[in-house]
Amino acid sequence: MTGPRRGRRNRVLLLGSGALKIGEAGEFDYSGSQAIKALKEEGVEVWLINPNIATIQTSPGLADRIFFLPVTPEFVERVIAEHRPRGLLLSFGGQTALNCGLELHRRGVLKRYGVKVLGSPISAIEMTEDRARFAQELRSIGISVPRSAAARTLPAALKIARRIGYPVMMRTGFTLGGRGSGIVHTEAELRARANEAFTSSPQILIEEDLTGWKEIEYEIVRDRADNIITVCNMENVDPLGIHTGESIVVAPSQTLTDREYFLLRDLSFKAIRHFGIVGECNIQFALDPRSDEYRVIEVNARLSRSSALASKATGYPLARIAAKLALGRLLPDLKNSMNDTTTACFEPALDYLVVKMPKWDLEKFRGASHFIGSEMKSVGEVMAIGRSFEEALQKGCRMLGDNIIGLVDNDFNIRQSLADLATPTPRRVFALAEAVRRGKGVAELARQTGIDAWFLSKMERIVRLRATLGGASTLPDDLLREAKEAGFSDAQIARATGRKEAAIAAARRAARIVPATKQIDTLAAEWPVRTNYLYTTYQGREDDTTPGAGENNRVLILGSGAYRIGSSVEFDWCCVSAAAALRRLGYAPVVVNCNPETVSTDYDMGHTLYFEELTFERLRDIWDKERPRGILLAFGGQIPNNLALACGRAGLPVLGTQPEDIDRAEDRHKFSTLLDRLGVPQPPWAEVSSRREAARFAARVGYPVLVRPSYVLSGAAMRIAADGAALAAALRGAAEVSRQHPVVISKFIQGAKELEADAVASQGRLLGVAVTEHVENAGVHSGDATVVFPPQKLYLETVRRIRDVTARLARALKITGPFNVQYLAIDNEVMVIECNLRASRSFPFISKVSGVDFIDLATRAMMGETVSPVPASLLDLDYVGVKAPQFSFSRIKGADPALRVEMASTGEVACLGNDLPEAFLKAILSAGFRMPEKKRVLLSIGSEADKVRFLPSARLLRERGYTIYATRGTSKFLAAHGVAHTRLYKIRERRSPSLLDYITPDRLDLILNVPLGLDRKELTDGYIIRRRAIDYGVPLITNLQLAELLVKSLATKSLQDLRPLSYEAYVPVGEPARVPEGTGPVPVARLRPPGAGRSRPGGRGRVAAPVPLQADRA
Amino acid sequence: MRAGRGTGTVRAEPLKGRLVLEDGAVFEGRSFGAAVPAAGEVVFTTGMVGYPEALTDPSYRGQILSFTYPSIGNYGVPEYPQPAADSPEGDGDDARAILPPRPWESDRIHLSGVLCASYSENFSHHAARHSLGDWLKDQGIAGLTGIDTRALTKRIRTRGSLLGRIEIDGHPVPGLTDPNKRNLVAEVSTRRVRRYGRGTPLVLLDCGGKNNQVRMLVDRGAEVRVVPWDHALLTRPRDYAGVILSNGPGDPRLAAAAVQTVRRLVRQRVPTLGICLGHQLLALAAGAKTYKMKFGHRAHNQPCIDLRTGRCYQTSQNHGFAVDGETLPGGFKPWFVNANDGTNEGLRHERYPLRSVQFHPEAAPGPAGTEWILDEFLAEARR
Ligand SMILES: Nc1ncnc2c1ncn2[C@@H]1O[C@H](COP(=O)(O)OP(=O)(O)O)[C@@H](O)[C@H]1O
Ligand SMILES: Nc1ncnc2c1ncn2[C@@H]1O[C@H](COP(=O)(O)OP(=O)(O)O)[C@@H](O)[C@H]1O
Ligand SMILES: [Mg+2]
Ligand SMILES: [Mg+2]
């Protein structure tokens, strides 16, 4: 028995993965929350550290105690020291948790406090994380690994590369997402890349280039008694050289023979036994497509993105099982949760296949390269289930959103050179289809890309079928069925045959060509199944399920689809919370979603799950089968929201705010008219269809203006134009400005504060509104802003105004359900910039900080319950919550990290504190900031006005003993105002001390670079400073207000002042949930941690005085 | 890398066909194999890889096999084996036959028909030479794609195994036949004795055995004499150190001659290892009972627990009959049990070197992990 059981010493600490970032995303909320549930089933008390407030795992009722704190050795140690958990779980929080655990071990913390790592031992983590050690261990047991050697210095690296021969693969240890890795062709290239890598990693590995080999992964589960299984294998459609996170992946493998499949399985077992893994891990192979040669690429001794995918692909709950094995349970003693009958010690058999497709958002990164490779850049993924590869692939394409209708016949610009298909971009799969259409052969494409001919021939089949459809004068049922079996959507068939989509839909319904609903059951129907994990397919005639004959209490909830910039785990939290609220009301939620990283697609959450496309066609199919009472579209973000009108037109009942009202808020013209009617100010705007019109508008309202091109068409970003030239440039970026593709231009309001109202209404009556305040002035996208709740710097009058406008909007739009309004405030006046009649990104934040579950409130309103308003006092808090963005710039080579109107952050965290500085520092530390221990700051403040504003902060820094470095302009300014500092020189200036030498973590520990103008595309010195800060890992702040708050916070708080208090210590814990009828709001916190008394902020210490609302104004 | 496409593309007017079950259920599909009607017992396997191995496994004799994994044919079929596993190297007593390489588990397709959801006419693998469809055509075996194999599986699961036939438009409709009434073992067993490998002398009583049993024993330093199922093994003095009772098709009770032989082996305590049907033969010889299962086990993921250690192994299986573990006579103990349905998966004698397993330690297709059973057996044979 390794794990603790009941009794006093029954507490385990689980580390989460923090904010979503590229390479570490929603999958860890899924595995973490599943693990917590499993641990609790085993009677263990689970404490969780995870600053990601938008996750399900940090929702009260799951973990016994939650800490919104940085997952760093310092904070984790303090929690351990104070609360003395018996066990520590590192495998559910991605690389963040694993690295933190390793560091705690190295510092002797675990030993000092007698904390045992549960699951795979530290030794296993060490052997698998250290790439050189890893290779050596595997060689010692006769397993092939790439020829390689590790280097700690540049000369060593060069020597190894010379021995192996170029090209070589260069990788860094202790990171994931292939970060800093890549194929290096020449010595010069190696020099540059190795230097950079050494700044983030003590060692690099140079290894033989295996580009083009098949990339195969296995998910392995092993218990302490050596029962071992492989739950799933997966094959990358894109071969080695393209990161698995960047690859289209299919499960199970498609081109492996029995012998290959089981050979790799055997090797996996051998390796995993050697490392002594207990729980779950992932092993990656390279397999030569021309022979039986293989290499082991890596082992991840923890749950991973792949394991989340494998769980969804197979129906085998890897995290759940891994958690139980970590406590010492044995595999054969655990049951298959799909049927509660058969053993968990088995290898799932699939009777379908899944295709995972990555979702990129590279357009959102200015300056980023659009090529993909061995580094991960994708921000999300979708998983399509089908009974043929063609079907799954086309479903997967559509799941990506962006109006993609399938593999072929899309009307977007592919933006991938057909001549150079070997250098992939995110749209290569579409380019391949196009190349086939233009007559390229499968064999040639296979040679160029290394993609197995089998996959290409399936794409070819789709292209041919498209040609057949296009050439047919009639549409016989057989052909229609064949097309549907190959995954064609009605829209695609309509486009190919020149018919109307509705006509195709009607024709196939008449011919009874409809998809069949099938269950995922882990055993290919050999055993009956308990859960309802469903997908639809045309490769089948019979439904596995028929909705119950009894009372129809089914309600459809649409999920968020692929995570992307601007839409991620927060919407999953909303959906899962809404499903929970529905269950409390006695409804049976039916969730539709297609993102394997989510908790809403956990088939064990007590709802019926359709792992399906979020398209109207599929929604309609599901509707026909389920005949639910209605549809909830308001919780999954913009994708479901966009389906509102189609639902309305087709007569599918949308619950809550009605489609035509949603349209009144979404349609700029209608909304603007409404605002005018209500007398609510808005920034002036115009929709223009020519460059001339644009210029005329700008001249009239005055620069700067904000330009929003039609994103889908051009891929160009929203930007601010400060003058005519900038406007012309911005419009050039928009590929086309025309009547069909108008551009929206608005007056950009400078120096305005940005505020948001997250609210819930019922039949136009406001039930609750939480007003939040951005630290950054308007001009930084709300998703990238640092958000404070409750507001700390606002006039009560402003808040009152916002509440009032919000209430009027609710009434005017007849809102029932959640909504969000964005405001600008300047000189006591508020303007509305946007209103979304759905839950917003910040709902989990305001719900958890206030302790009032806004989703529960909204769901009850939408289901027609009588709900009374939230007393304003409940939102009047005596502590502060700060939400901070998480950026992934380090993974996107070349991207400019300056904040802009276009969102670029990939995730967020939020922390609580007794005052703003405490909450703020905790939050930014959680998002990767490091305290400037050495107190060396580089200042580079763009405009004169900003310099003046920052002067007091600069003085404060000096007072607190900071050494200031400055670039030319800032240096002059500081000198003029008597602030001591050292000037750093730009490369061009050819003098030392030079900037480039200084931008390393040893020399600087903070860079405040506030770019000069408004959003200018600049390959300037500023860009070089910012980019270098990112590449070399020096904390960087690029916004003036943020810099000011930071300096103020650093001046008042040290790391030790940031108290590691639990969520429960701040937010009053409510009583267990009752199903309230017509009562007030249900507190979000439902469970009092067993045995824990109620504590207030400060624990034993004093209770801080509430921060006055009317503090100094920005 | 080899990639290709079979001679008949599915697009070019595939023949329509259907599976008709004895209970009247009809499953529509398209022909991708030989345009011949077929009849037999309809069974399903949940293994996701290994169709060449499965198709050449003699245990499927008389059956129509449905693959629950939908996409079949992906990696094609390699060069056909030389028809002569007979071409001996050396002469006389010293002659050694040559086994065809993997994936050939015998030299031809034994089952009566193949069903799948999404046959892949395109294939790709460096060893591939033919499409699955072409191979079926060459061997005169029917195949249907487009079948709702999941619906079929569920039907078999709830009703028990069913007889069925494949009808192909424009071709005569066959009658239903129950293969389990025939002595299928006699149909598939070798007619002549063959020797393989050098080393510890073993006899493999061929009831329809898979080549990989021989391969693995030869690899472990054994000389394997493969003899017909009804061979009496009467050589005196005994010139073999142990006997393997191979897998094979059908009802074990119909292989009466083999049961006779095994009874003698038991009496003489000859080191014996039964596999699959061989397990059932050993059980019958010992006096236990066998029975027909509702629909059998055909899978690569049957979890079997070693009752001595509690360890659970993933096993490859293909059987429709089973040993009633309750009826084992004194001295014989259940060895493995199925972790899912509790059926008997192996037996061993308390004192004598007699043992058998219901699953396939030789895998092919399916997972390795229980080869140690062969090692243990060999160690005892050598003792
Ligand atoms: N030796 C190599 N040659 C070519 N490509 C490689 C090699 N090793 C790894 N890769 C590619 O780089 C990717 C990232 O490497 P991996 O070791 O899996 O790192 P990570 O920890 O980021 O997953 C792999 O998915 C693979 O496609
Ligand atoms: N007229 C304006 N003046 C100043 N800032 C603006 C204006 N309109 C938008 N912004 C800024 O741009 C950001 C993004 O604009 P928004 O309309 O909210 O786009 P999205 O639809 O992407 O959320 C806002 O968060 C705000 O900071
Ligand atoms: Mg990897
Ligand atoms: Mg916005």
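Residue numbers run consecutively from 1 along every chain, following the written order of its sequence. As a convention, the first chain written is A and the first ligand written is 1, with the rest following in written order. Under the rules for a predicted model, residues below a pLDDT of 70 receive no local features and side-chain atom pairs below 80 are neither given nor counted, while totals for whole chains, interfaces and linings still include all residues. Computation of side-chain values covers all heavy atoms of the structure but excludes hydrogens and water.

Some details on the overall build of chain A
Part 1: Numbering goes from the N terminus for both helices and strands, where a helix is a DSSP run of H or I of at least four residues and a strand is a run of E of at least two. From N to C terminus, chain A includes 37 helices and 38 strands.
Part 2: To get the radius of gyration, use the C-alpha atoms; to get the globule rule, take the number of residues to the power 0.38 and multiply by 2.2 Å. Computed over the C-alpha atoms, the radius of gyration of chain A is 28 Å, within 12% of the 32 Å expected from 2.2 N^0.38 for a compact globule of 1114 residues.
Part 3: Projected onto its principal axes, the C-alpha coordinates of chain A cover approximately 75 × 70 × 65 Å.
Part 4: Residue burial is assigned from relative accessible area. The probe radius is 1.4 Å, only protein chains are included, and a residue is buried under 20% of its type maximum, exposed over 50%, and partly exposed in between. In chain A, buried positions account for 68% of the 1114 residues.
Part 5: By definition in these notes, contact holds between two residues if any of their heavy atoms fall within 4.5 Å. Partitioning the contacts of chain A with sequence separation of at least 6, the portion at a separation of at least 24 is 71%.
Part 6: Put simply, chain A shows about 35,900 Å² of open surface, and 50% of that area lies on carbon and sulfur atoms.
Part 7: One way to put it: in chain A the 149 positive side-chain charges average out to a point 4 Å from where the 127 negative ones average out. Accessibility throughout is a Shrake-Rupley quantity obtained with a 1.4 Å probe, and a residue counts as covered only by protein chains that appear here. Charged residues are defined narrowly, with Lys and Arg counted positive, Asp and Glu counted negative, and His plus the chain ends left uncounted. The atoms used to mark charge sites are NZ of Lys, CZ of Arg, CG of Asp and CD of Glu.

As for the overall build of chain B
Part 1: When helices and strands are counted, chain B shows eight helices and 23 strands.
Part 2: Taken against the 2.2 N^0.38 rule, which gives 21 Å for 383 residues, the C-alpha radius of gyration of chain B at 20 Å falls within 12% of a compact globule.
Part 3: By its C-alpha atoms, chain B is 65 × 50 × 35 Å across when sized along the principal axes.
Part 4: Element-wise, carbon and sulfur atoms account for 49% of the exposed surface of chain B, whose accessible area totals about 12,800 Å².
Part 5: Separation between the mean location of the 48 positive side-chain charges and that of the 40 negative ones in chain B comes to 3 Å.

Topic: the coordination of the magnesium ion (ligand 4)
Residues and elements named next belong to chain A.
Part 1: Around the magnesium ion (ligand 4), the protein supplies Q822 (OE1), Q822 (NE2) and E834 (OE) as donor atoms, at distances of 2.4 to 2.6 Å. Residue Q822 is found in strand β30 (residues 817-826), and its partner E834 is found in strand β31 (residues 829-836); the two are separated by 12 residues along the sequence.
Part 2: Given the relative accessible area of 34%, E834 is considered partly exposed. Coordinating N, O and S atoms are those within 2.8 Å of the metal (3.2 Å for Na, K and Ca), and as water is not part of the atoms, a site may appear to have fewer donors than expected.

Digging into the site of ligand 2
Residue and element names in this part refer to chain A.
Part 1: Ligand 2 sits among 18 residues. The nearest are K747, I749, E754, H781 and E834.
Part 2: By the criterion applied in these results, polar contacts are pairs of N or O atoms within 3.5 Å in which, for protein atoms, one can donate a hydrogen and the other can accept it, and in which residues neighboring in sequence qualify only through two side-chain atoms. K747 is positioned such that a nitrogen or oxygen atom in its backbone is 2.8 Å from a nitrogen atom of ligand 2.
Part 3: I749 has a polar backbone atom sitting 2.9 Å from a nitrogen atom of ligand 2.
Part 4: Considering ligand 2 on its own, with 540 Å² of exposed area, one finds that the protein chains cover 88% of that surface. One heavy atom within 4 Å of a molecule or strand is enough for the residue carrying it to be called near that molecule or strand.

Looking at unusual backbone geometry
Part 1: Cis rather than trans, the peptide bond between Y166 of chain A and P167 of chain A has omega equal to -5 degrees.
Part 2: Locating P167 of chain A in the fold gives a position in the loop between α7 (154-164) and β7 (168-172).
Part 3: Cis geometry marks the peptide bond from F789 of chain A to P790 of chain A, where omega comes out at -5 degrees.
Part 4: With respect to the helices and strands, P790 of chain A occurs in the loop between β29 (787-789) and α28 (796-812).
Part 5: If you check the backbone angles, D340 of chain A has positive phi at about 60 degrees while not being a glycine.
Part 6: Looking at the secondary structure, you find D340 of chain A in the loop between α11 (318-326) and β15 (353-359).
Part 7: D340 of chain A gets classed as partly exposed once you look at its relative accessible area, which sits at 44%.
Part 8: At L233 of chain B, a residue that is not glycine, the phi angle is positive and equals roughly 55 degrees.

Things to note about the confidence of the model for chain A
All names here are of chain A.
Part 1: For chain A, per-residue confidence averages 91 on the pLDDT scale, and 92% of positions sit at 70 or higher.
Part 2: By definition, pLDDT measures how confident the predictor is in each residue, and it falls between 0 and 100. Long-range and interchain partners of residues 1-8, a stretch whose pLDDT sits below 50, account for 19 contacts in this model, where long-range means more than four residues apart.
Part 3: Overall, residues 1071-1114 carries pLDDT values under 50, and its contacts beyond four positions in sequence, including any with other chains, amount to 108 contacts.

Let's talk about the coordination of the magnesium ion (ligand 3)
Residues and elements named next belong to chain A.
Part 1: Coordination of the magnesium ion (ligand 3) by the protein is provided by Q284 (OE1), Q284 (NE2) and E298 (OE), with metal-donor distances spanning 2.1 to 2.7 Å. Placement of Q284 in strand β13 (residues 279-287) and of E298 in strand β14 (residues 294-300) is noted, with a sequence separation of 14 residues between them. The same class applies to Q284 and to E298, which are both buried.

Observations concerning the interface of chain B and chain A
Part 1: Chain B puts 54 residues into the contact, and the matching count from chain A is 63 residues.
Part 2: Of the roughly 4,900 Å² buried between chain B and chain A, counting both surfaces, carbon and sulfur atoms make up 48%.
Part 3: Salt bridges are identified by distance alone: a Lys or Arg side-chain nitrogen within 4 Å of an Asp or Glu carboxyl oxygen. The tally of links from chain B across to chain A stands at nine salt bridges.
Part 4: Between R30 of chain B and E485 of chain A there is a salt bridge, and its shortest N-O distance comes to 3.8 Å.
Part 5: In this structure, the connection of chain B to chain A is made through 28 residue pairs in polar contact (both at pLDDT 80 or more). By buried area we mean how much accessible surface two parts lose on assembly, using a 1.4 Å probe and totalling the loss over both.

Overview of the packing of aromatic side chains
Residue and element names in this part refer to chain A.
Part 1: Stacked, tilted and edge-to-face are the three classes applied to pairs of Phe, Tyr and Trp rings, where Trp contributes its six-membered ring and a pair requires centres within 6.5 Å; stacked means planes under 30 degrees apart, edge-to-face means over 60, and tilted covers the rest. Counted according to the given criterion, the structure contains 32 aromatic pairs over all chains.
Part 2: On the basis of an interplanar angle of 85 degrees and a centroid distance of 6.1 Å, the ring pair of F843 and F854 is categorised as edge-to-face. Of the two residues, F843 is situated in helix α29 (residues 843-850) and F854 in helix α30 (residues 854-862); the sequence distance between them amounts to 11 residues. Across the pair, exposure class does not vary: F843 and F854 are buried alike.

Focus on the sheet that holds strand β20 (residues 312-323) of chain B
Residues and elements named next belong to chain B.
Part 1: In this analysis, strands are considered paired if DSSP registers two or more bridges between them. In spatial order, the strands read β14-β16-β15-β17-β18-β23-β22-β21-β19-β20; together these 10 strands make up an open sheet with mixed pairing. Lying at the two open borders of the sheet, with one neighbouring strand each, are β14 (194-196) and β20. Across the sheet, the mean angle separating the axes of adjacent strands is 25 degrees when strand polarity is ignored.
Part 2: In this structure, strand β18 (residues 272-275) lies alongside strand β23 (residues 354-357), joined through four bridges in parallel fashion. Considered in β23, the bridge of L273 is made with R355.
Part 3: Sheet strands touched by helix α6 (residues 256-267): β15 (200-206), β17 (242-245), β18, β21 (332-338) and β23. Its angle to β17, the strand with the most contacts, is close to 145 degrees. Axes, fitted as lines to C-alpha atoms, cover a helix only where it is in contact. Angles between the N-to-C directions of the axes lie from 0 to 180 degrees.

Details of helix α31 (residues 916-926) of chain A
Part 1: Burial within α31 of chain A is extensive, with 11 of its 11 residues counted as buried.
Part 2: Backbone geometry just after α31 of chain A places G928 of chain A at a positive phi near 100 degrees.

Remarks on the environment of T816 of chain A
Residues and elements named next belong to chain A.
Part 1: Inspection of the secondary structure assignment puts T816 in the loop between α28 and β30.
Part 2: Separated by 140 residues in the primary sequence, T816 and D676 place their C-alpha atoms 22 Å from one another.
Part 3: In contact with T816, other than residues within four places in its own chain, are G656, T657, A761, S762, Q763, G764, A861 and M862.

Some remarks on the pairing of β15 of chain B
Residues and elements named next belong to chain B.
Part 1: When you tally the buried positions in β15, you get six out of seven residues, the bulk of the element.
Part 2: Here β15 runs beside strand β16 (residues 222-228); their pairing, made up of seven bridges, is parallel. Note that in β16 the partner of T200 across the bridge is A222.
Part 3: For the crossover that starts at β15, traverses helix α5 (residues 211-219) and ends in the parallel β16, the hand is right-handed.
Part 4: As paired strands, β15 and β17 are joined by four bridges and run parallel to one another. When the bridges of β17 are listed, V203 appears paired with V243. Orient the strands so they point away from the viewer; a crossover is then right-handed if the path from the first strand over the helix to the second runs clockwise.

Here we look at the side chain of Q213 of chain B
All names here are of chain B.
Part 1: Inspection of the secondary structure puts Q213 in helix α5.
Part 2: Look at Q213 and you get buried, because its relative accessible area is 2%.
Part 3: For Q213, the side chain forms a polar contact with the side chain of E362, separated by 3.0 Å.
Part 4: Residues within four places of Q213 in sequence aside, it is in contact with L204, S246, N247, I275, H360 and E362.

Details of the nonpolar core
Part 1: We define a nonpolar core as any set of buried Ala, Val, Leu, Ile, Met, Phe, Trp, Tyr and Cys residues linked to one another through side-chain atoms lying within 4.5 Å. In terms of nonpolar packing, the biggest core is built from 271 residues, with L407, F635, L809 and Y823 of chain A together with L55 and L132 of chain B touching the most fellow members.
Part 2: Looking at which element gives the most residues to this core, the answer is helix α15 (residues 453-471) of chain A, with nine residues.
Part 3: Not counting residues up to four positions away in its chain, the partners in contact with Y823 of chain A are K753, E754, L755, A757, I802, V805, T806, L809, V830, M831, V832 and I833 of chain A.

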